[in-house]
Amino acid sequence: MPSFSHFFETLIETRGVFLKAMLLTLELTVVSILIGIVIGLFFALLKISKIKILEYISDAYVYLVRGTPLIVQIFILYFGISGIFLLPDFWAASLALALHNGAYISEIFRGAIQAVDNGQMEAGRSLGMTKALTLRRIILPQAFRRALPPLGNQFIIGLKDSSLAAFISMNELFNVATTLGSNNFDEMTYLLIVAVYYLVLVALLTFIVSRFERRLALSDR
């Protein structure tokens, strides 16, 4: 184990390269989560559509994604699709993370939508709204409030999963840490440093989600 003084000195000396890597990690996480939310909502709506073929498509997507390792999905997108057209490493990792997160987010949205009382849909229809309009204006806002806590957890999981982008040579936090550790024969110090950066990012995301939850709670009063 490195001494505290050595750890602190290395932390200060490498702040520039790690801050750059942290921004890339944060960008990768935000992009993949935003795309994952769209994918997740789409497949959640397929699942609750009561049209069998659409339900089967949603089930197949969730089963395939949740049943295979994320690193395999990243490699398939990076190496497999590159045989058809060139896919930059950032977008290969972002899309793989988005598809992976989307499967879990779809289940979060499905549960949240189904938790809303059926009377809400009936009330909207009785006011002359279409089913789609009732879903958009009445059901989804309530479902989103219910889904926010588990979505926050999924954001944090997505942040930590972004470390797998190191395996396609993206210079995100984990790749920078392992590269510097190997070059300086001091792996433990750099792994401890990257752990600090991940803890800072997790704390930041947790703070943002909790503030958002409180704001929604105040708006409901």
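For the structure itself, consult the block above.
Residues numbered from 1 in each chain as written. Predicted model: local features only at pLDDT ≥ 70, side-chain atom pairs only at ≥ 80, totals over all residues. Heavy atoms only, no water.

A. Just unusual backbone geometry, in detail. If you check the backbone angles, Lys50 has positive phi at about 65° while not being a glycine. Tracing the sequence through the fold places Lys50 in the loop between helix H2 (15-47) and helix H3 (52-66). By relative accessible area, which is 71% here, Lys50 ends up exposed. Unusually for a residue other than glycine, Phe185 sits at a positive phi of about 50°. Here Phe185 lies in the loop between helix H8 (173-184) and helix H9 (187-219). (Helix = DSSP H or I, 4+ residues; strand = E, 2+ residues; numbered from the N terminus. Buried < 20%, exposed > 50% of the residue type's maximum accessible area, 1.4 Å probe, protein only.)

B. Examining the layout of surface pockets more closely. Of the voids in this model, the largest pocket is the one considered here, and its volume is about 460 Å³. Lining the largest pocket are 16 residues, and of these Ile48, Lys50, Ile113, Met121 and Lys131 sit closest to its centre. At the level of elements, H2, helix H5 (89-115), helix H6 (118-126) and helix H7 (131-161) are the ones that each hand at least two residues to the lining of the largest pocket. Per-element tally for the lining of the largest pocket: the top contributor is H7, with 4 residues. (1 Å grid on protein atoms, 1.4 Å probe; cavity = no way out; pocket = protein on both sides within 12 Å on 5 of 7 lines; lining within 4 Å. Points joined across faces, edges and corners; volume = space filled by probe spheres on them.)

C. Looking closely at the side chain of Thr10. Along the polypeptide, Thr10 turns up in helix H1 (residues 4-13). You can call Thr10 buried: its relative accessible area is 5%. Among residues more than four places away in sequence, those in contact with Thr10 are Thr189, Tyr190 and Ile193. (Contact = heavy atoms within 4.5 Å.)

D. Spotlight on the environment of Leu99. Mapped onto the secondary structure, Leu99 falls in helix H5. Classification of Leu99 as partly exposed rests on a relative accessible area of 34%. Separated by 34 residues in the primary sequence, Leu99 and Val65 place their C-alpha atoms 7.4 Å from one another. Apart from the residues lying within four places of it in its own chain, the contact partners of Leu99 are Ile39, Tyr61, Val65 and Leu77.

E. Examining the packing of H3 against H5 more closely. Where H3 meets H5, the closest approach of the two axes is 9 Å, and the angle between their N-to-C directions is 125°. Here H3 is positioned oblique relative to H5, judged by the angle of their axes. For the pair H3 and H5, the sense of crossing is left-handed. Between H3, through Tyr61, Val62, Val65 and Arg66, and H5, the contact on the second element is made entirely by Ala98, Leu99, His100, Gly102, Ala103, Tyr104, Ser106 and Glu107. When its residues are assigned to classes, the contact of H3 with H5 shows 7 nonpolar, 3 polar and 2 charged. (Axes fitted to C-alpha atoms, helices over the stretch in contact; angles between N-to-C directions. Parallel < 35°, antiparallel > 145°, perpendicular 65-115°, else oblique. Left-handed = near helix turned anticlockwise from the far one by under 90°. Nonpolar A, V, L, I, M, F, W, Y, C, P; charged D, E, K, R; others polar.)

F. Examining a nonpolar patch on the surface more closely. Where nonpolar side chains cluster on the molecular surface, the patch consists of Ile51, Ile53, Tyr56 and Ile57 and spans about 410 Å² of accessible area. Tracing the chain through its elements places Tyr56 in helix H3. (Patch = residues over 30% accessible without salt bridge, like charges linked within 9 Å, V, L, I, M, F, W, Y side chains within 5 Å. Areas by Shrake-Rupley, 256 points an atom, 1.4 Å probe, with all protein chains shown as cover. Salt bridge = Lys/Arg side-chain N within 4 Å of Asp/Glu carboxyl O.)

G. Local environment of the nonpolar core. Ranked by size, the top nonpolar core spans 18 residues in total, and within it Phe109, Ile113, Ile139, Ala143, Ala147, Leu151 and Phe155 carry the most contacts. Taken together, the elements giving at least two residues each to this core come down to H2, H5 and H7. Top contributing element to this core by residue count: H7, with 7 residues. Contacts of Phe109, omitting those with residues within four sequence positions, involve Ile37, Gly40, Leu41, Ala44, Phe144, Ala147 and Leu151. Counting residues in hydrophobic clusters, the runner-up holds 17 residues, among them Leu11, Ala21, Val194 and Tyr198. (Core = buried A, V, L, I, M, F, W, Y, C linked by side-chain atoms within 4.5 Å.)

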